[in-house]
Amino acid sequence: MTDRSRPTGEPGAPAPYRIRPTQAADLARLPDVERSAGERFRASDLAWVAGEPPALVESHARHLGWHWVAADADDVPVAFLFARPCGGMVHIGEISVALPHQGRGLGRALIAAVCAEARRQGFAKVTLTTYRDIAWNGPYYASLGFREMAPEEQPPSCASNWPRRRGTAMIPPAAPPWCWRSPEGGAGAVLAGAVLAQAPRAAIPPATAGRSGAGQRGRDTMADMRLVVVGAAGRMGRMLVKTVHETPGTALAAAVEREGSPFLGKDAGDLAGTGSLGIPVTSDVAAAFAEADGVIDFTAPAATAAFARAAAGAGIVHVVGTTGLTDSDLAVLAEAGRTTRIVQSGNMSLGVNLLTALVRRVAATLGPEFDIEVLEMHHRMKVDAPSGTALMLGEAAAEGRAVGLREHAVRVRDGHTGARRAGDIGFATLRGGSVIGEHTVVFAGDGERIELTHKADDRALFARGALRAALWARERPAGLYTMSDVLGIAAL
């Protein structure tokens, strides 16, 4: 993008400010701008805005190229805007103006800058989302030429930008508050102020009405991590879709199933029981990943290896909860981790990963006179054995003993086996019913026995752990990580 201090053909910022593309040296100042922008809400019923943590510097860095600042006479940023191309449009993710600089037309000038760049690159629309119960937003954006978009105009690939949650209030999904204008300035029918501006629950200081600062500070859009769920029609996939939809800070970007699946074209929300989300299940992995920040993958080993390569190519986070991975599959993940962020774990729950750390510590503390056995039970439909979690616990025990699991694992005992070999790590597998997952590690000594157990009662805990991993990895450098890294318990 051309570096210029004023957007060609659009009004610039009032003196002494100037609008310019954001530079790397500006990034460290932007969280302070955002904090200041939120202070206008401090004395209102929207005080939660002031308490929201600002976007991380790394998050701003990812938008360089579609990121502008308003700088003061000393060239210090006092306001910013970032955007991204989305569904053939350019979507404004956030505008923040520091409190002392509000009311000076900086927000208007920043919007002019993104519209100029959108026009230069041939985009037909510039879009944004905003809250309906902030009273001044409708008239303000109408004055800039925006009008509300009808649901059928909203591109499905950008549906993840809809703000769904604000504090304890939910935006009605039947009326997503999208609006747009042409980069040329003409939007056709302009929205009425009442369309986007429903009565607020409490008065906002009048000085903010119609201004370009905190009234536009909605990090509910671009700050949300846009996630693809692969295997979206499966039992775990549906849980992931539901959890992504319900979790603040995440948004469903796409739902993927294999070519030929009978679920292709069906609404991912309908399958997950959340109600329609306007996101049809697709088999187009490349298109799905291109619109996303990350992918959540509880599929099958061969598919996971392919998704890892695709995630590396797209530069997005890949969270892997797939079990039954072979050494060659893990090698693919390691290779992908050289260019993107991979989090792989045989189990995504906090409790299991804490259990894993404890098993490692106990195995290191107790002597070889304690025999180690790993027992696991799962539902009748599970296809791999031992479970990925059982193998993860076995690996932890082997690490604690400073031995290799491959050389010491005993997965099957049948017939006349003879006495147990010292140092073996045994596995026992049970299958039946609808058991989500139970794991016990037994340390059996002479006259005493220690048992460490975890029981999963709700599949949602794995989904929540996966989302926690994705959000954590979003701001990390490329690498292959585990849930121990995510939870900060690697050294336990």
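Residue numbers restart at each chain and count upward from 1, following the sequence in its written direction. Totals for whole chains, interfaces and linings use every residue, but because this is a predicted model, local features are given only for residues with pLDDT of at least 70 and side-chain atom pairs only at 80 or more, for both listing and counting. Side-chain measures here rest on the full set of heavy atoms in the structure, leaving out hydrogens and waters.

A. Examining helix α12 (residues 350-365) more closely. The numbering of helices and of strands both runs from the N terminus, where a helix is a DSSP run of H or I of at least 4 residues and a strand a run of E of at least 2. Take the residue count of a helix, subtract one, and multiply by 1.5 Å to get its expected span. Compared with the 22 Å implied by 1.5 Å per residue over 16 residues, the 23 Å span of α12 between its first and last C-alpha is a close match. The inward-facing, buried residues of α12 contact β16 (371-378), α13 (388-401), β19 (437-445), β20 (448-456) and α16 (483-487). Any two residues having at least one pair of non-hydrogen atoms within 4.5 Å are treated as being in contact.

B. Focus on the packing of aromatic side chains. Between 30 and 60 degrees the pair is tilted, below 30 it is stacked and above 60 it is edge-to-face, where a pair is any two Phe, Tyr or Trp rings, Trp via its six-membered ring, whose centres lie within 6.5 Å. One pass over the full model with this rule turns up five aromatic pairs. Measuring from centroid to centroid gives 6.0 Å for W66 and F123, while their planes differ by 80°, and the two rings are edge-to-face. Placement of W66 in the loop between α3 (57-61) and β2 (67-71) and of F123 in the loop between α4 (106-120) and β5 (126-129) is noted, with a sequence separation of 57 residues between them. Like W66, the residue F123 is buried in the burial classification. Judged by centre distance (6.3 Å) and plane angle (45°), the rings of F289 and F307 are tilted. Taken together, the residues span a long stretch of sequence, with F289 in helix α9 (residues 285-290) and F307 in helix α10 (residues 301-314) at a distance of 18 residues. Each member of the pair, F289 as well as F307, carries the same accessibility label: buried. Members of the aromatic cluster, joined through ring pairs, are W66, W68 and F123. When accessible area is computed with a 1.4 Å probe and restricted to protein chains, residues below 20% of their type maximum are described as buried, those above 50% as exposed, and intermediate ones as partly exposed.

C. Broad picture of the sheet that holds strand β17 (residues 409-410). Two strands form a pair only when DSSP identifies at least two bridges running between them. Spatially, five strands are ordered β17-β18-β16-β19-β20 in an open sheet, and the strand pairing comes out mixed. Each having just a single partner strand, β17 and β20 make up the two edges of the open sheet. The pairing of β19 with β20 spans nine bridges and is classified as antiparallel. Counterpart to F443 in the pairing with β20 is I450.

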